[in-house]
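This is what each chain is made of:
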Amino acid sequence: MATAAQAYDREDAVDQDAYERAFDAAVAADERIEPRDWMPDAYRATLVRQIAQHAHSEIIGMQPEANWITRAPSLRRKAILMAKVQDEAGHGLYLYSAAETLGTGRDELLDKLHTGRQKYSSIFNYPTLTWADVGAIGWLVDGAAITNQVPLCRCSYGPYARAMVRICKEESFHQRQGYELLLALSKGTPEQHAMAQDAVDRWWWPSLMMFGPPDDESAHSAQSMAWKIKRHSNDELRRRFVDICVPQAESLGLTLPDPDLKWNEELGRHEFGEIDWTEFKNVLKGNGPCNEQRITQRRQAHDEGAWVREAASAYAGKHTETGAARA
Ligand code: 3HC
C-alpha cells in the first residue's frame, strides 16, 4: 500500500503532467503565457536570461550615443538625440518590469550586470568616434534591433511581447533618424561623405554580430524557438537584415564594406562574407574596445543614483503611510 507521502507525490506528478500539457497546448495554439500561468522552470529561466540581456543592452546602449549629446551639430539634432537616449532608458524600464513579472527583481539583475554575470549586446562595446557614428548606430544598430525584435512582439510570453510592441515603434523612429542623418552627411561635403562611409565601414560587421552566433553554435535557439520565444533563428534574421540594408545603402550612396556581398538569384537573397567570430567571442569575453569603460561607467552611474532610489522609496513609503492613515 502506498504511504501518504507517496500518494501526495503521485498527485503532484499528475498535476505536473496536466500543467505541462496545458502549457504545451497553449504554446502550440499560439496563446500567450501570462505571469500567473504555470510554466516550466527552464522556460522561466530562459526568458529571464534573454529579457535581462535585452534590458541591459538598452541601458548600456545609452552610453555610446550620449557621448555625442554635447557635441550635436545643431539644436534640432541635439533634441532628437536626447529623446532617443531617453527612449532607450524607457525600454530598459519596460524590460526590467517584464522580468519582474517572472519573479526576478531589478536589483538582482543589475547586480548580475555589474558583476559580469549577465551579458549585454556586443555592439555597445565599440566606440563612437565621430558624429556620423550616431547615424550609423541609428541606421544599422537600431535597424538590426528592429529586425530581431519585431518577431518578439509575437513571443509566447505576454508581458515581453507587449513590451516589444512599443519598443519596436520607438526603434523605427530611431532607425529613420539614423538613416536621415547619414543621408544628410552622404549628400554633404566630400569630408562629410567620407565620415559617413567610415562610420558604416566600422559598424557594419559588428551589427551583423548582434544577431548572435551562427545557428549551429547557438546554444539556446532550438529550445527558444520550440517555446515560441524566438520565432526565427539567428542566421535567418541576419540574412533578412542584409537583404534590407543593401538597397538602403544604395539609396544612401554608401558602400557596405564586404567585397563578397552579392545577390544570389537561385537562393533569392544576398550572399555575404565570413563574419569574424573570433572578434565576436573576444568581445563577449570582455575584451572588446570599450567593455571595461562601459561597465565602469554603468557602476558609477548606479552608485551616484543611490540617493535618487533612496529618496524615491522614502517618498513611496510616506505616500503609503498617508494612504493607510486616510483609509
Ligand atoms: N551580444 C552579446 N551576447 C550575445 C550576443 C550578442 N550579440 N548574441 C548572443 N549572445 C549570447 C547569448 O545571450 C547567450 O549567452 P548566455 O548563454 O550567457 O545567455 C550566448 O551568446 C549564446 O547565444 P544564443 O544564440 O544561444 O542565445 P539566444 O538564443 O539568447 O540568442 C539573441 C541571442 C538573438 C541576442 C537573443 O537573446 C535575443 O533575441 N535577444 C533579445 C534582443 C536583444 O537582446 N537585443 C539586444 C540588441 S541591442 C538593443 O536592443 C538596444 C537597441 O536600443 C538598439
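Look up a bit, the structure's there.
Just so it is clear, the model here is predicted, and its values are computed rather than measured.

Re the overall build of the protein chain
Part 1 of the reasoning: From N to C terminus, the protein chain includes 13 helices and two strands.
Part 2 of the reasoning: If you line up the protein chain on its principal axes, its C-alpha atoms span 85 × 60 × 35 Å.
Part 3 of the reasoning: Counting the 327 residues in the protein chain, one finds 46% classified as buried.
Part 4 of the reasoning: Here the analysis covers contacts within the protein chain between residues at least 6 apart in sequence; of these, 77% occur between residues at least 24 apart.
Part 5 of the reasoning: Here the protein chain has roughly 17000 Å² of accessible surface; of this, 54% comes from carbon and sulfur atoms.
Part 6 of the reasoning: One way to put it: in the protein chain the 38 positive side-chain charges average out to a point 5 Å from where the 48 negative ones average out.

Quick look at the side chain of Asp 235
Part 1 of the reasoning: Examined against the element boundaries, Asp 235 turns out to sit in helix α10 (residues 234-252).
Part 2 of the reasoning: Looking at Asp 235, its side chain comes within polar contact range of the main-chain nitrogen of Asp 215, at 2.8 Å.
Part 3 of the reasoning: Within the structure, Asp 235 has its side chain in polar contact with the side chain of Arg 238 (distance 2.8 Å).
Part 4 of the reasoning: The contact partners of Asp 235, leaving out residues within four places of it in the chain, are Pro 214 and Asp 215.

Overview of empty space enclosed by the protein
Part 1 of the reasoning: Considering all chains together, one arrives at one cavity of 30 Å³ or more under this definition.
Part 2 of the reasoning: Estimated volume of the largest cavity: approximately 30 Å³.
Part 3 of the reasoning: What lines the largest cavity is simply Arg 77, Ile 80, Leu 81, Trp 131, Val 134, Gln 177 and Leu 181.
Part 4 of the reasoning: Those elements that provide at least two residues to the lining of the largest cavity are α4 (75-100) and α7 (158-186).
Part 5 of the reasoning: The biggest single contributor to the lining of the largest cavity is α4, with three residues.

Thoughts on helix α12 (residues 291-304)
Part 1 of the reasoning: Taking 1.5 Å of rise per residue, 14 residues should cover 20 Å, and α12 covers 20 Å from first to last C-alpha, within 8% of that figure.
Part 2 of the reasoning: Of all the positions in α12, only Asn 291, Arg 294, Ile 295, Arg 298 and His 302 are classed as buried. Within α12, the buried residues cover an arc of 90° as seen down the axis, which keeps them to one side. Along α12, exposed side chains directed more than 90 degrees from the buried face belong to Glu 292, Asp 303 and Glu 304.

Section: the side chain of Asp 133
Part 1 of the reasoning: When you line up the elements, Asp 133 lands in helix α6 (residues 132-149).
Part 2 of the reasoning: In contact with Asp 133, other than residues within four places in its own chain, are Pro 127, Thr 128, Ala 199, Arg 202 and Trp 203.

Structural notes on the layout of surface pockets
Part 1 of the reasoning: Estimates place the volume of the largest pocket at around 1100 Å³.
Part 2 of the reasoning: If you trace the largest pocket, you find 47 residues lining it, with Arg 49, Gln 53, Met 210, Phe 211 and Gly 212 closest to the centre.
Part 3 of the reasoning: Secondary structure elements with two or more residues in the lining of the largest pocket: α2 (41-60), α4, α6, α7, α10 and α11 (277-287).
Part 4 of the reasoning: The element best represented in the lining of the largest pocket is α6, accounting for seven residues.
Part 5 of the reasoning: Here the lining of the largest pocket is composed, by residue class, of 18 nonpolar, 16 polar and 13 charged.
Part 6 of the reasoning: Looking at the second largest pocket, it is lined by 16 residues, and the ones nearest its centre are Ile 59, Met 62, Leu 110, Arg 298 and Ala 301.
Part 7 of the reasoning: Those elements that provide at least two residues to the lining of the second largest pocket are α3 (62-66), α4, α5 (106-114) and α12.
Part 8 of the reasoning: Classifying every residue of the lining of the second largest pocket gives eight nonpolar, four polar and four charged.

Quick notes on the packing of α2 against α7
Part 1 of the reasoning: Contact geometry for α2 and α7: axes closest at 13 Å, N-to-C directions at 25°. Of the possible angle classes, the one that applies to α2 and α7 is roughly parallel. The way α2 lies across α7 gives a crossing that is left-handed. Facing α2, whose interface residues are Leu 47, Gln 50, Ile 51, His 54 and Glu 58, α7 presents Tyr 160, Met 164, Ile 167 and Glu 171.

Re the site of the ligand
Part 1 of the reasoning: Close to the ligand lie 33 residues, the nearest being Gln 53, Lys 119, Gln 149, His 220 and Lys 230.
Part 2 of the reasoning: For the ligand, an oxygen atom lies 2.5 Å from a polar atom in the side chain of Lys 119.
Part 3 of the reasoning: In this structure, an oxygen atom belonging to the ligand sits 3.1 Å away from a side-chain N or O atom of Asn 148.
Part 4 of the reasoning: Burial of the ligand by the protein chains amounts to 91% of its free accessible area of 1000 Å².

What counts and how
- Residues numbered from 1 in each chain as written.
- Predicted model: local features only at pLDDT ≥ 70, side-chain atom pairs only at ≥ 80, totals over all residues.
- Heavy atoms only, no water.
- Helix = DSSP H or I, 4+ residues; strand = E, 2+ residues; numbered from the N terminus.
- Buried < 20%, exposed > 50% of the residue type's maximum accessible area, 1.4 Å probe, protein only.
- Contact = heavy atoms within 4.5 Å.
- Areas by Shrake-Rupley, 256 points an atom, 1.4 Å probe, with all protein chains shown as cover.
- Lys, Arg positive; Asp, Glu negative; His and termini not counted.
- Charge placed at Lys NZ, Arg CZ, Asp CG, Glu CD.
- Polar contact = N/O pair within 3.5 Å; in protein donor to acceptor, adjacent residues only side chain to side chain.
- 1 Å grid on protein atoms, 1.4 Å probe; cavity = no way out; pocket = protein on both sides within 12 Å on 5 of 7 lines; lining within 4 Å.
- Points joined across faces, edges and corners; volume = space filled by probe spheres on them.
- Expected span 1.5 Å × (residues − 1).
- Arc of directions from axis to C-beta.
- Nonpolar A, V, L, I, M, F, W, Y, C, P; charged D, E, K, R; others polar.
- Axes fitted to C-alpha atoms, helices over the stretch in contact; angles between N-to-C directions.
- Parallel < 35°, antiparallel > 145°, perpendicular 65-115°, else oblique.
- Left-handed = near helix turned anticlockwise from the far one by under 90°.
- Near = heavy atom within 4 Å.

Function cannot be inferred from these measures alone, as they are strictly geometric.
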